[in-house]
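Reading the structure
Chain by chain, the residues run as shown.
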Amino acid sequence: MTTLPSGRRERKKAATRQKIADTALRLFLERGYDAVGIREVAAEADVAVTTLFSHFASKEALVFEQDEDFEQRLTQAVTGRAPHEPLIPALRRETHALVRHCTADSAAPIWCMIDESPALRRYEESMRLRHAETLATAITADPGLPQTATASRTVARFVIDAYSLAREAADPEAAVDEIFQMIEAAWEVARPSGRA
């Protein structure tokens, strides 16, 4: 009986978070990121400013509302792959999925807004560095993969950069494959003999 209210509470929190993010994005796209304040987003979403900040740490975070989900998906590509499945193909699959999501026609206005805002570009860069560190930690923690922090961090950075570079390419799918051929070659050089 106690799990039902908890589930309901979690669903309500998720719905509130999504409502805030959707409202913010709509306002940002209609009026410009810099022209909209946090108080306006909260008022339009019909929540208190404190509620908004309980879901999002900053104004920039409202634009990147799927940040944590993307980070978890990349980590899950490492930790959730089948036994003996090589690492790089698993990361390539997830990168393809993320790039498809972020290159959909509906995402174009959002990326234009990000490109035009120094604050959003800085936030995206810090987010990418955090994703790379989280991914490197997952790679290093896997007992079947190389244990050097340098190799793990390098491959993680390559994967995060692959996502960004492919997103900006004329043919994002082909770019992912091209970049991952280089990542695969780097991984082969870095990994100890006989490991995935």
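Anything mentioned here points back to the structure above.
A short tour of the structure in this document, coming up.

Cut-offs and rules
Residues numbered from 1 in each chain as written. Predicted model: local features only at pLDDT ≥ 70, side-chain atom pairs only at ≥ 80, totals over all residues. Heavy atoms only, no water. Helix = DSSP H or I, 4+ residues; strand = E, 2+ residues; numbered from the N terminus. Buried < 20%, exposed > 50% of the residue type's maximum accessible area, 1.4 Å probe, protein only. Salt bridge = Lys/Arg side-chain N within 4 Å of Asp/Glu carboxyl O. Lys, Arg positive; Asp, Glu negative; His and termini not counted. Core = buried A, V, L, I, M, F, W, Y, C linked by side-chain atoms within 4.5 Å. Contact = heavy atoms within 4.5 Å. Arc of directions from axis to C-beta. Expected span 1.5 Å × (residues − 1).

Comments concerning unusual backbone geometry
- The residue Asp46 is not glycine, and still its phi comes out positive at about 60°.
- Here Asp46 is to be found in the loop between helix H2 (38-45) and helix H3 (49-55).
- Classification of Asp46 by relative accessible area gives exposed; the value is 66%.
- Phi is positive for His84, which is not a glycine, with a value near 70°.
- Tracing the chain through its elements places His84 in the loop between helix H5 (67-79) and helix H6 (87-102).

Focus: the pattern of salt bridges
- Under the defined criterion, the tally for this structure stands at 16 salt bridges.
- The partner of Asp161 in a salt bridge is Arg128, and the shortest N-O contact between them spans 2.8 Å. One end of the pair, Asp161, is in helix H9 (residues 149-168); the other, Arg128, is in helix H8 (residues 118-141), with 33 residues separating them in the sequence.
- The exposure class of Asp161 is partly exposed, given its relative accessible area of 32%.
- Two residues, Glu168 and Arg167, come together in a salt bridge whose shortest N-O distance is 3.6 Å.
- Salt bridges sharing common partners tie together Arg26, Glu30 and Glu44.

Focus: the side chain of Glu60
- Among the secondary structure elements, Glu60 is positioned in helix H4 (residues 59-63).
- Of the buried charged residues, Glu60 lacks a salt bridge, with Arg122 as the closest side chain of opposite charge at 6.1 Å.

Some details on the nonpolar core
- Of all hydrophobic cores here, the largest spans 55 residues; its most connected members are Phe28, Val41, Val63 and Ile139.
- Considering every element that reaches this core, the biggest residue donor is H8, with 8 residues.
- Filtering out sequence-adjacent residues up to four positions away, Val41 remains in contact with Ile20, Thr23, Ala24, Leu27, Phe28, Val36, Leu52 and Leu62.

Looking at the environment of Ala141
- By the secondary structure assignment, Ala141 is in helix H8.
- Separated by 16 residues in sequence, Ala141 and Arg157 place their C-alpha atoms 16 Å apart.

Quick look at H2
- For H2, the full list of buried residues reads Ile38, Val41, Ala42 and Ala45. In a view along the axis of H2, the buried residues occupy a sector of 95°, so they form one face of it. Those residues of H2 that are exposed and angled more than 90 degrees off the buried face are Arg39 and Ala43.
- A positive phi of about 60° marks Asp46, the residue just after H2.

Re H8
- For H8, spanning 24 residues, the distance from its first C-alpha to its last is 35 Å, which sits close to the expected 34 Å at 1.5 Å a residue.
- When H8 is considered as a whole, its buried residues turn out to be Ala119, Leu120, Tyr123, Glu124, Met127, Arg128, His131, Ala132, Leu135, Ala136, Ala138 and Ile139.

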